[in-house]
Amino acid sequence: MCGMPQQPPVRSTPTRPSRPDASMSLLTNVMDHSLDDGYAEAAARKKAAGTEGMPKTVRAKLGFAVGLVLAALVVTVGAAQARISAPVVAKEREELIDRIQEETAAADRLEDSVDELRDDVSARQRKALKDDGGSDGNDLVGILSGAVEVHGPGVRLVVNDSKDAGQGGDGDPRETSGFSDTGRVRDRDMQRVVNGLWESGAEAISINGQRLTALSAIRAAGDAILVDNKPLAPPYTVLAVGDGQRLSTRFQNSPDGLYLHVLQENFGIRTSISVEEDIRVPAAPSVIVRTAEPSTEKGTS
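### Thoughts on the pattern of salt bridges
Within the structure shown, the criterion is met by four salt bridges. Among the ionic pairs, Asp-161 bridges to Arg-184, the shortest N-O distance being 3.5 Å. Of this pair, Asp-161 sits in the loop between β1 (150-160) and α4 (187-199) while Arg-184 sits in the loop between β1 and α4, and the two are 23 residues apart along the sequence. Residue classification places Asp-161 among the buried positions, given a relative accessible area of 8%. In this structure Arg-184 comes out as buried when scored by relative accessible area, which is 19%. Salt-bridge contacts for Asp-256 lead to Arg-192; the nearest nitrogen and oxygen are separated by 3.0 Å.

See below:
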């Protein structure tokens, strides 16, 4: 048979590696490079961020600790100063209390001295009246001026606040609408009582032992009533020397007596009047004439 000459079949034979460990290179590469570039870059950024953030956290904690230390220091210093200043404040308070007590005692001594001097002046005035002839006219002058103590029949009038008297506000509620009355006795109430007794025939009057004269004044200072600048406390006891029964009747029927009755009915002011057989009215502390002068028959001094 004509034909192409037969060639022996070619068999492929594996090439032998040049190095014995050439077949292990892939496994080595996988083991050496287990993460791709993206994972490696992310891990690097995370590591860098952790490295930079750690000092910030430490600084924050350190600043907080320093703040706590400063706050504790301030509290400690304040407490120490308070402990140091407390004895000083207590000492100053005790010294102030001692000064107040000393000044109060000094004021009491001065008031006692003033009372003694007033009594001495009154005694000298009475002696001068007696030495000047000792006539009935001079005795009458001493009685009318309040320079001498007097006694005789008369009336005892007691005026007191109502039982539920409270603190008052400004103004006079008995004349101004819109105010509730407090039930307290006012200075003007006592003025009307005294004027009513004078008009009813009283010859000498005292309020709580304070003799009234032509120079006396009844005023108010807050809730207190002043007679010749001396504060009086309720109840107010008014002694009036005169014809007892006649004086009592005339006063209760006078406009001022009716005014007092209205206070009792409408505002709870407590009053009582009684006729006495013998009432003693003390002399005035002092009667000083500064400008008045006796006149002659021709009208000149």
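Now that the structure has been shown, the text picks up again.
### Observations regarding the pairing of strand β2 (residues 204-207)
Of the two faces of β2, the one holding Ala-204 and Ser-206 and the one holding Ile-205 and Ile-207 are both buried throughout. In this sheet, strand β7 (residues 236-241) lies alongside β2 in antiparallel orientation, the contact comprising four bridges. Note on β7: the bridge partner recorded for Ile-207 is Val-238. When β2 meets strand β3 (residues 210-211), the two strands line up antiparallel, connected through two bridges. By the bridge assignment, Ile-207 is partnered in β3 with Gln-210. Once β2 ends, the chain turns through two residues before running back antiparallel as β3, passing Asn-208 with a positive phi of about 50 degrees.

### A few points about the sheet that holds strand β5 (residues 224-227)
Strands sit in the order β4-β5-β6 across an open sheet of three strands; the sheet is antiparallel. With one partner strand each, in any of the chains shown, β4 (218-221) and β6 (230-232) form the two edges of the open sheet. Taken over all neighbouring pairs, the strand axes of this sheet differ in orientation by 40 degrees on average, direction set aside. Pairing analysis gives three bridges linking β5 to β6, with the strands arranged antiparallel. Directly across from Ile-225, in β6, lies its bridge partner Leu-232. Along the sheet, α4 contacts β4 and β5; its crossing angle with β4, the most-contacted strand, is approximately 170 degrees.

### Describing the pairing of β1
Across ten bridges, the pairing between β1 and strand β8 (residues 270-281) is antiparallel. Looking at the pairing, Gly-152 lines up with Ile-279 of β8. Direction of pairing for β1 relative to β7: antiparallel, over a ladder of six bridges. Bridge pairing in β7 places Val-155 opposite Ala-240.

Criteria and cut-off values
Residues numbered from 1 in each chain as written. Predicted model: local features only at pLDDT ≥ 70, side-chain atom pairs only at ≥ 80, totals over all residues. Heavy atoms only, no water. Salt bridge = Lys/Arg side-chain N within 4 Å of Asp/Glu carboxyl O. Helix = DSSP H or I, 4+ residues; strand = E, 2+ residues; numbered from the N terminus. Buried < 20%, exposed > 50% of the residue type's maximum accessible area, 1.4 Å probe, protein only. Pairing = 2+ DSSP bridges. Axes fitted to C-alpha atoms, helices over the stretch in contact; angles between N-to-C directions. Contact = heavy atoms within 4.5 Å.

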